[in-house]
Each structure stands twice: as C-alpha cells, then as structure tokens.
Amino acid sequence: MLLIEKVLILKSSEIFQNTAETELVELAAILEETYLEPNITLFSKGDPGNCMYFIFNGTLRIHDGEHTLAVLGENEIVGELSVLDSESRSASATTLEECLLLKLEQEAFYEILMTNADILKGILKTLCKRLRVINKKSTTMANSTPLK
C-alpha cells in the first residue's frame, strides 16, 4: 500500500479528520499492513494488548464468546483501549470477511500522542461515542426487562 493511500485512509476516519495531512504522513509511515482471511481471530479476550488497528477494508466481529458486542468496518478502529492502558484485551476480534488492517504499535502511538493533541482528541471522541452506544443499549435493555 502506498503512503498516500494510508494517509487518505487515516484522514477519512473520525479520529483523524481534524489532523493535518503533514502530520498524518508521519503516522502512516509507521503503520504495518496486516491481511487476514475470513474467520481468523485477530486477538482473543485476555490476550496482552499493545497495539490497535485501523480497518482499511473488511469487517471484524467484536465478541465475548458467542455474544457479539459490535461489528466494525472500514475506517473504524479496534484495540484502542489496550493501546492506551496496556491491559489485556476486553473482548475477542474475529474477521467476518477478508480484512486489510493497519497496525499501530503502542510505543509509536505514544510518541505520536506526545506531539499531536488532535490525535488524542480523536481517540477520546471515538471512545466516548462507543460508551454512549453501550449506555444506550444498557438503558434500552433495562427498560424492556419486565419487573417481577
């Protein structure tokens, strides 16, 4: 994949929409391409977490056992919690179709955060959005459960 393609992918993601292209070039240069066939586990719940992935194409199922938590697709990220805190993976990620992912290692991620607040803002925004979705689902489930 060409460097310019990686920059365009990053720019189209919610996280980096406010980041200058010149700064994205630095980030794009350190991203490692990862290609996976369908039904391959990218990581399992409990695995050590030290990187995150940008989904260039394909879809990933985020799950805890058989319970699907989310399905993520193009221009989304996965593994952002573990890259932030180095804790073990909170769920598993399995490909639903062929996927091309861009991997960002934790050390490189922290170096970039030190020099670019826009990237940190974008990641925090994404985390907040996901938490709101979870809260909404929890509230909806709690309201639909009959009281005994």
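Just above, that's the structure.
A brief look at the structure comes next. (Residues numbered from 1 in each chain as written. Predicted model: local features only at pLDDT ≥ 70, side-chain atom pairs only at ≥ 80, totals over all residues. Heavy atoms only, no water.)

A few points about the packing of aromatic side chains
And then number 1: All told, the structure shown has one aromatic pair when counted by the stated rule.
And then number 2: Pairing phenylalanine 109 with tyrosine 110 gives two aromatic rings, centres 5.8 Å apart and planes at 55°, and the pair type is tilted.
And then number 3: Residue classification places tyrosine 110 among the partly exposed positions, given a relative accessible area of 33%.
And then number 4: The aromatic ring of phenylalanine 43 is capped on one face by arginine 89, whose charged end is 4.0 Å from the ring centroid. (Phe/Tyr/Trp six-rings, centres within 6.5 Å; stacked < 30°, edge-to-face > 60°. Buried < 20%, exposed > 50% of the residue type's maximum accessible area, 1.4 Å probe, protein only. Lys NZ or Arg CZ within 6 Å of the ring centre and 35° of its normal.)

Focus on the pairing of strand β5 (residues 67-72)
And then number 1: The pairing of strand β4 (residues 60-64) with β5 spans five bridges and is classified as antiparallel. In the strand pairing of β5, isoleucine 62 is matched with alanine 70.
And then number 2: Connecting β4 to the antiparallel partner β5 that follows it, the hairpin turn spans two residues, and glycine 65 within it adopts a positive phi of roughly 65°. (Pairing = 2+ DSSP bridges. Helix = DSSP H or I, 4+ residues; strand = E, 2+ residues; numbered from the N terminus.)

Considering the sheet that holds strand β3 (residues 51-57)
And then number 1: Taken together, four strands build an open sheet; the order of strands is β1-β8-β3-β6 and the sheet is antiparallel. On the outer flanks of this sheet lie β1 (32-36) and β6 (77-78), each paired with one strand and no other.
And then number 2: As judged from the six bridges shared by β3 and strand β8 (residues 99-105), these two strands associate in the antiparallel manner. Within β8, the position partnered with isoleucine 55 by the bridge is leucine 101.
And then number 3: Here helix α4 (residues 106-115) sits on the sheet in contact with β3 and β8, set at roughly 65° to β8. (Contact = heavy atoms within 4.5 Å. Axes fitted to C-alpha atoms, helices over the stretch in contact; angles between N-to-C directions.)

Thoughts on helix α1 (residues 3-12)
And then number 1: Among all positions of α1, only Lys6, Val7, Ile9 and Leu10 are buried. Relative to the axis of α1, the buried residues are bounded by an arc of 160° and lie together on one face. More than 90 degrees from the buried face of α1, the exposed residues found are Ile4 and Leu8.
And then number 2: Structurally, α1 contributes buried residues whose contacts are with α2 (21-30), β1, β3 and β8. (Arc of directions from axis to C-beta.)

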